[in-house]
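Topology and contacts: notes
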Amino acid sequence: MHLHLVPRSLHYIEAVAEHGSIQAAARAIGISASAIDRQIKLLEDRIGVQLFDRQTRGMQLSPAGEMFVLLAQRWRADETRIQSDVKRMQGVDFGHIRLATMDSQVNGVIPRFLEVIGERYPRVRVDVEVATPDGAAELLDDGQCDLILAFNLRRLRDVHVIWTADLPLYCVVAPGHALAEQRSVKLADVRKQAIVVQSRALSIRRMLDEQHAWVFEDGPPPVVTNSLQLLKQLVIGGSHVALTSEMDAAPELMNGSMIALEVKARGIAAQSISVAVSARRTLPRIANEVANCLAEEASRTLAAVRAIGEPRADISR
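For the structure given in this document, a descriptive report is provided here. Quick caveat: nothing in here was measured; it's all calculated off a predicted structure.

Some remarks on the side chain of Gln105
Along the chain, the position of Gln105 falls in the loop between β3 (95-101) and α5 (109-120). Each residue touching Gln105, except ones within four places of it in the same chain, is listed here: Ile110, Pro111, Leu149, Phe151, Met247 and Asp248.

Shown next, in the form of structure tokens:
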């Protein structure tokens, strides 16, 4: 069953924006190019502004066009919610959930979470978009995703936090690294090592720069990256250490390819990780169940990591 509640004009605008031209959109959705062009021009005439800048290489959304694409996305989300609720009334768990999360979680919590959803709710589709923490919050605020798993989420009135946990700072190293036998480290010890560090697109780097920028000075030049996967590979290889959280390195800590050392320093603020949804939108029941499932998996992963680390340092908090 598909309700097709999104108006044709919005559907056509979305298609042209996605495919870059009327002809490409026509081929993609099986509607004649003339019909798409006519609907867009009628809407432009009615509102008095152009929705696309028509260029020789294709169609580029105007600022007004971007507003209409956002409207179409919200309309489609409402359509999905209604469709999900109707299916639920018929005794079928059905839905389309959009999740935004961090790069570090794609080989951690997220695969297991998707396995659980596939087992419990085989008719539920989950789309996963990788974003920075700030980007995930923006996607949630704009209605472009339904839930997020994000680090250092700011407390906002329009965000409903389903689950959250504090994450102290750790230095992660390979088992064979010179620091690996220590129970804890000082930041002065870290500065002497080759460090791989997150870019300023990530909030942990901004926090470190604000409070402890000296760690990245005077020692070996750091490698800077916005990819947590690259960061972890450099640590696993033994050439670098990194300052991060348990959840960033959860699978590596559990399989023994990394060791987490407690960082001893004054004034280090704990990070946090949260599962959250928008407080402004009414989600279908299945979306709330999926969000609760994500919270359960995140909590279970964090508990498992801390259980492994207990013999080395007290990270049970």
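Moving on from the model shown.
Topic: the sheet that holds strand β7 (residues 170-173)
With mixed pairing, the 4 strands of this open sheet are ordered in space as β8-β12-β7-β11. The outermost strands of the open sheet, each flanked by one partner alone, are β8 (184-186) and β11 (242-244). Adjacent strand axes in the sheet meet at a mean angle of 40 degrees when their direction is disregarded. Pairing between β7 and strand β12 (residues 259-264): 4 bridges, direction antiparallel. Paired with Tyr170 across the strands is Glu262, a residue of β12.

Quick word on the sheet that holds strand β13 (residues 271-278)
Strands sit in the order β4-β3-β5-β13-β6 across an open sheet of 5 strands; the sheet is mixed. Pairing within the sheet leaves two strands with one partner each, and these edge strands are β4 (124-130) and β6 (159-167). If you compare each strand with its neighbour and ignore which way they point, the axes differ by 15 degrees on average. One ladder, built from 3 bridges, connects β3 with strand β5 (residues 147-151); its direction is parallel. Bridge pairing in β5 links Leu99 to Leu147.

Describing the pattern of salt bridges
Counted according to the given criterion, the structure contains 15 salt bridges. Across the pair Glu44 and Arg54 runs a salt bridge whose closest N-O atoms are separated by 3.1 Å. Of the two residues, Glu44 sits in helix α3 (residues 33-47) while Arg54 sits in strand β1 (residues 52-55), which places them 10 residues apart along the sequence. Residue class for Glu44 comes out buried when judged on its relative accessible area of 9%. Taking the relative accessible area as the measure of exposure, Arg54 reaches 36% and is therefore partly exposed. Arg300 is the salt-bridge partner of Glu297, the closest N and O atoms lying 2.5 Å from each other. Pair noted here: Glu297 and Arg300 are both in helix α11 (residues 285-309), with a separation of 3 residues, about one helical turn. Each of Asp141, Asp158 and Arg280 takes part in a single network of salt bridges with overlapping partners.

What counts, and at which threshold
Residues numbered from 1 in each chain as written. Predicted model: local features only at pLDDT ≥ 70, side-chain atom pairs only at ≥ 80, totals over all residues. Heavy atoms only, no water. Helix = DSSP H or I, 4+ residues; strand = E, 2+ residues; numbered from the N terminus. Contact = heavy atoms within 4.5 Å. Pairing = 2+ DSSP bridges. Axes fitted to C-alpha atoms, helices over the stretch in contact; angles between N-to-C directions. Salt bridge = Lys/Arg side-chain N within 4 Å of Asp/Glu carboxyl O. Buried < 20%, exposed > 50% of the residue type's maximum accessible area, 1.4 Å probe, protein only.

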